[in-house]
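# Descriptive structure summary
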Amino acid sequence: MASIKIVLRKNMIKKDGTIPLALRISENYKTNYHWLSQYVLEKDWDKVAGKVKASHPNFRKLNNFLMKKLTEANDIYYDSKVSITPIQVKQKLRGPGGSRSFFAVAAERVQNKYDTGIFSVAKSELSGLYNLEEFLKVKSSSNKTTVVKGIMDRRKKRISNSKKPGYSWNDGVNDFRKNKNLKFYDIDQAFLNKYKIFCVSYLGQSKRTVTNQLIFIRTMFNIAIKEGIIAQKYYPFAGEKEKIRIGSGNKIGLTIDEVEKIENLNFEKFSFIWHTRNIWLFSFYFAGIRISDVVKLRWTDFKNNRLYYVTQVSHPLFTGFER
């Protein structure tokens, strides 16, 4: 059973002595606060009754406002047809337009993927956020050549910074947590059409890569709707709106000569590209082991000239290994 109460947040007192009021929503040891943008002095607050005392000059008007907000929160919780968490109640109180930015919500997902070891997805989705950020920077009067050069320069700088000592994955993610430039309701069909053109024309992406970008945006909308961040009516992929079509792609394998050329490339020993080439060849020779599995291998995984490892889906595999 959730506990919903209006409280005085004494730890956030302002210089004039007033203290903010907030809705405290608690359940199963999880608590969230929804700020009410109202401040009162401690002497004017009745802690037991959860309302403003008569000593406040506008106590009647303010108490009516507080009662309305309390009723609204209770209605959201008790009228929900499915189980709802305190944070979802808080999000719904913010309104159907959604006050959290797309970037902030997406950054949380990217961080969760990274924390759970799904590095390839985290890297791909973070790259998608950078693409959206670049798209928002483009002005209709901008010169395409200049824009593309700027995108490439910033990308090279990010890659260069990632190789420096002290680099943290969280740096990029935290930047997007603070980015408020894109709200969910800004992403409509017209926005998506322009974004698709940008991905092809400015980023040089293939049709399949553009589709992956749209799938990521759609995933974020589904998460936001489920958590009450945005209303269903803003969903840009419903009905006759944006349709995501996944076409069949042609895969062309490398020839023996092409693989040998990769083997014979001359790189500085122990350099970044030297390691990259060697890891790729290792994966290639062992039937395409996923990079997430390769980086977890140890010498103890080799037994009697054979490699034994377990994939992320927990299917034990083995393959021959000859020195």
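Reading the values: the criteria
- Residues numbered from 1 in each chain as written.
- Predicted model: local features only at pLDDT ≥ 70, side-chain atom pairs only at ≥ 80, totals over all residues.
- Heavy atoms only, no water.
- pLDDT = per-residue confidence, 0-100.
- Helix = DSSP H or I, 4+ residues; strand = E, 2+ residues; numbered from the N terminus.
- Contact = heavy atoms within 4.5 Å.
- Buried < 20%, exposed > 50% of the residue type's maximum accessible area, 1.4 Å probe, protein only.
- Axes fitted to C-alpha atoms, helices over the stretch in contact; angles between N-to-C directions.
- Left-handed = near helix turned anticlockwise from the far one by under 90°.
- Nonpolar A, V, L, I, M, F, W, Y, C, P; charged D, E, K, R; others polar.
- Expected span 1.5 Å × (residues − 1).
- Patch = residues over 30% accessible without salt bridge, like charges linked within 9 Å, V, L, I, M, F, W, Y side chains within 5 Å.
- Areas by Shrake-Rupley, 256 points an atom, 1.4 Å probe, with all protein chains shown as cover.
- Salt bridge = Lys/Arg side-chain N within 4 Å of Asp/Glu carboxyl O.
- Phe/Tyr/Trp six-rings, centres within 6.5 Å; stacked < 30°, edge-to-face > 60°.
- Lys NZ or Arg CZ within 6 Å of the ring centre and 35° of its normal.

Within the protein, residue pLDDT values average 83, and 87% of them lie at 70 or more. Here strand β8 (residues 316–320) is the element of the protein with the lowest mean pLDDT, 40, and helix α7 (residues 189–201) is the one with the highest, 92. For the stretch residues 313–323, pLDDT sits under 50, and the model shows 24 contacts to residues farther than four places along the chain or on other chains.

So, about the environment of Y39. Within the secondary structure, Y39 is located in strand β3 (residues 30–40). The class for Y39 is partly exposed, based on a relative accessible area of 39%. It is 9.1 Å that separates the C-alpha atoms of Y39 and I13, two residues lying 26 residues apart in sequence. Ignoring anything within four residues of it in the chain, the contact list for Y39 reads K14, T18, I19 and P20.

Our next topic: the packing of helix α4 (residues 119–137) against helix α5 (residues 144–162). In the contact formed by α4 and α5, the axes pass within 11 Å of each other and the chain directions differ by 145 degrees. For the crossing formed where α4 meets α5, the hand is right-handed. In this structure, α4 uses Y130, N131, E134 and K137 to contact α5, whose residues at the interface are I151, R154, R155 and R158. The residue inventory of the contact of α4 with α5, partitioned by class, reads two nonpolar, one polar and five charged.

Bringing helix α3 (residues 102–115) into the picture now. Between its terminal C-alpha atoms α3 stretches 20 Å, which fits the 20 Å expected from 14 residues at 1.5 Å a residue. Looking only at α3, the buried set comprises F102, F103, A104, V105, A106, A107, R109, V110 and Q111. Looking one or two places after α3, you find G117, whose phi comes out positive at around 85 degrees.

Taken together, the side chains of L254, W280, F284 and Y285 make up a nonpolar region of the molecular surface, amounting to roughly 400 Å² of accessible area. Mapped onto the fold, F284 is located in helix α10 (residues 272–285). According to the relative accessible area criterion, F284 is partly exposed, its value standing at 38%.

Further remarks concern the packing of aromatic side chains. Counted under the stated rule, the structure contains 21 aromatic pairs. Centre to centre, the rings of F102 and F216 are 6.3 Å apart; their planes meet at 80 degrees, and the pair counts as edge-to-face. Note that F102 is positioned in helix α3 and F216 in helix α8 (residues 207–226), a separation of 114 residues in sequence. Considered together, F102 and F216 belong to a single accessibility category, that of buried residues. Clustering of aromatic rings is evident, with ring pairs tying together F102, F103, Y130, F176, F184, F216, F221, Y235 and F237. Sitting over the face of the ring of Y33, R9 holds its NZ or CZ atom 3.8 Å from the ring centroid. The ring of Y130 has R158 lying over it, and the distance from NZ or CZ to the ring centre is 3.8 Å.

The subject of this paragraph is the pattern of salt bridges. Applying the stated rule across the entire model yields six salt bridges. The partner of R109 in a salt bridge is E125, with the nearest N and O atoms 2.8 Å apart. Residue R109 is found in helix α3, and its partner E125 is found in helix α4; the two are separated by 16 residues along the sequence. Accessibility assignment for this pair places R109 and E125 in one class, buried. Of the charged contacts, one joins D293 and R290 as a salt bridge, the two residues approaching to 3.7 Å between their closest N and O atoms. Classification of D293 by relative accessible area gives buried; the value is 5%. A relative accessible area of 39% means that R290 is categorised as partly exposed.

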